[in-house]
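The primary structure of each chain is shown beneath.
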Amino acid sequence: MKKLSEEQRIRWDVDGYVVVEGALSSDQICFFNDEIDRIRAVPGWEPIPDMLPRGHYGWVEKCVDQDPEAFMDRRDILPYHQAFIDLIDHSPVFDYVVDVMGTNIIFSMSQAIVRASGNSFPGYTHTDGGEGQREVRVTETSRPIAVKALYLLSDVEGPNSGNFTVFPGSHMRPIQWRQDPPVGPNTPGAVPLTGKAGDCVIFPHALWHGPSPNNSGRARKTLLYNYCQMFMRQYDFEKVPPTAQRATRRQRRLLGDLGYDFRPGSYFYVPDDQTEVIMGEAG
Ligand SMILES: O=C(O)CCC(=O)C(=O)O
C-alpha cells in the first residue's frame, strides 16, 4: 500500500490536511458527474429545511430543483451504483487513509454535494462529527478518530468559487462555535483551496473547514467519503447495503460485515483478520 511521502506527512501533521492531485481518472470524473446529475431525479436522503433539525436528512422522492447546476446535498450514495462502493477503497486515497488511521477502521458516511453559483450563499465553517466530536481533539502523535476524503468533480479556479476552505493547523484547536459573528470563510486564517476535478483532500473531522460563497458562474460538484475508527461505527447507514452483493471482502468489511453475526464486543475489539483484510489486495 502507498504511504504518505515525507512532505505529505509533514503537511498532514502541521496543516491537518493533504491534497492528492489526480486521484480520479478523467473517465471517473465524467462518470461520477453524470451519476450526480442522475441521482438528483431519484429518491434519496436530503436535508429538509424547516422540517428537520439542521444536519439531519429526510427521505425525498427527488431533489427539489432538477437543474444540474442547482444546489444538491445527497447522503448515503453507495446504493446508487457499484462504482460508489468501489470508491471506498480506491487507491491511492484509501492507502493514505490507512496510513494515517491504521487498519482498525470502518467506512462511516458518503455524500454528494453540488455548490451552486449565486449570491445568496455566504458559506460556513465547522468541524465534522456533530456536537460530540467538536469537543474532542487528539494529540499530534495520535491517530485521528475520523477522516474525510473530499473528491472534487469540478475545477475550482479562483476565490469565491464555492471553494472548499480550510484553516491550516486548526485540527489542534477547539473551534469557537459560539462566536458572533461565527467563524467563516472570511475569518483570518481561512485558506480557500483551488484544484482540478479529480483532486482529493484528506482531512480529519477536527479540522475547521467548509464551503466559501460561489460567484464563479458554475457549480462545484463534490463527493465526500468518511472513515472512522471501528469502535465509533458508521453514522450514515445501519447495515451493509443489499447492493453490496458484488463488493469485495475488504469493501464489505469497511461497510460493517465483520464476517460473523453481531455479538457484544463486536466493533469494540476488531476481527482477528482485520489487518489482513484491510491491507489485502481488493478482491
Ligand atoms: O464540500 C462542501 O461544500 C462542504 C464540505 C464540508 O463542509 C464537509 O465535508 O463537511
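Look above for the structure.
Not measured: the values here are computed from a predicted model.

### With respect to helix α4 (residues 93-101)
Part 1 of the reasoning: Within α4, nine of the nine residues are buried, which leaves it mostly tucked inside the rest of the structure.
Part 2 of the reasoning: Within α4, the full set of buried residues consists of Val-93, Phe-94, Asp-95, Tyr-96, Val-97, Val-98, Asp-99, Val-100 and Met-101.
Part 3 of the reasoning: Downstream of α4 by a residue or two, Gly-102 has a phi angle that is positive, lying close to 85 degrees.

### Some thoughts on the pattern of salt bridges
Two side chains bearing opposite charge may form a pair once their charged atoms approach each other closely.
Part 1 of the reasoning: Here the structure, examined in full by the defined rule, presents 14 salt bridges.
Part 2 of the reasoning: Taking the shortest distance from any N to any O, the salt bridge between Asp-257 and Arg-252 comes out at 2.9 Å.
Part 3 of the reasoning: Classification of Asp-257 as partly exposed rests on a relative accessible area of 24%.
Part 4 of the reasoning: The network of salt bridges with common partners includes Arg-249, Arg-253, Asp-273 and Glu-276.

### A word on the site of the ligand
Part 1 of the reasoning: Ile-113, Arg-115, His-126, Asp-128, Lys-148, Leu-150, His-209, Gly-210, Pro-211, Arg-220 and Leu-224 make up every residue found near the ligand.
Part 2 of the reasoning: At a separation of 2.9 Å, an oxygen atom of the ligand approaches a polar side-chain atom of His-126.
Part 3 of the reasoning: Measuring from an oxygen atom of the ligand, one finds a side-chain N or O atom of Arg-220 at 2.7 Å.
Part 4 of the reasoning: Here the ligand has 290 Å² of accessible area as a free molecule, and 97% of this is covered by the chains.
Part 5 of the reasoning: Counting only elements with at least two residues in the shell around the ligand, the list comes to β5 (105-115), β6 (146-152), β10 (209-211) and β11 (220-229).
Part 6 of the reasoning: Of the residues forming the shell around the ligand, the biggest block, three residues, is contributed by β10.
Part 7 of the reasoning: Taken together, the residues of the shell around the ligand sort by class into four nonpolar, three polar and four charged.

### Side note on empty space enclosed by the protein
One water molecule sets the probe size; rolling that probe over the atoms shows where empty space is left.
Part 1 of the reasoning: Using the criterion set out here, one finds one cavity of 30 Å³ or more in the structure.
Part 2 of the reasoning: Its volume calculated, the largest cavity comes out at about 50 Å³.
Part 3 of the reasoning: Along its surface, the largest cavity is lined by Leu-150, Leu-152, Val-156, Phe-164, Leu-193, Thr-194, Gly-195 and Val-201.
Part 4 of the reasoning: Residues belonging to the lining of the largest cavity are distributed by class as follows: six nonpolar, two polar and no charged.

Reading the values: the criteria
Residues numbered from 1 in each chain as written. Predicted model: local features only at pLDDT ≥ 70, side-chain atom pairs only at ≥ 80, totals over all residues. Heavy atoms only, no water. Buried < 20%, exposed > 50% of the residue type's maximum accessible area, 1.4 Å probe, protein only. Helix = DSSP H or I, 4+ residues; strand = E, 2+ residues; numbered from the N terminus. Salt bridge = Lys/Arg side-chain N within 4 Å of Asp/Glu carboxyl O. Near = heavy atom within 4 Å. Polar contact = N/O pair within 3.5 Å; in protein donor to acceptor, adjacent residues only side chain to side chain. Areas by Shrake-Rupley, 256 points an atom, 1.4 Å probe, with all protein chains shown as cover. Nonpolar A, V, L, I, M, F, W, Y, C, P; charged D, E, K, R; others polar. 1 Å grid on protein atoms, 1.4 Å probe; cavity = no way out; pocket = protein on both sides within 12 Å on 5 of 7 lines; lining within 4 Å. Points joined across faces, edges and corners; volume = space filled by probe spheres on them.

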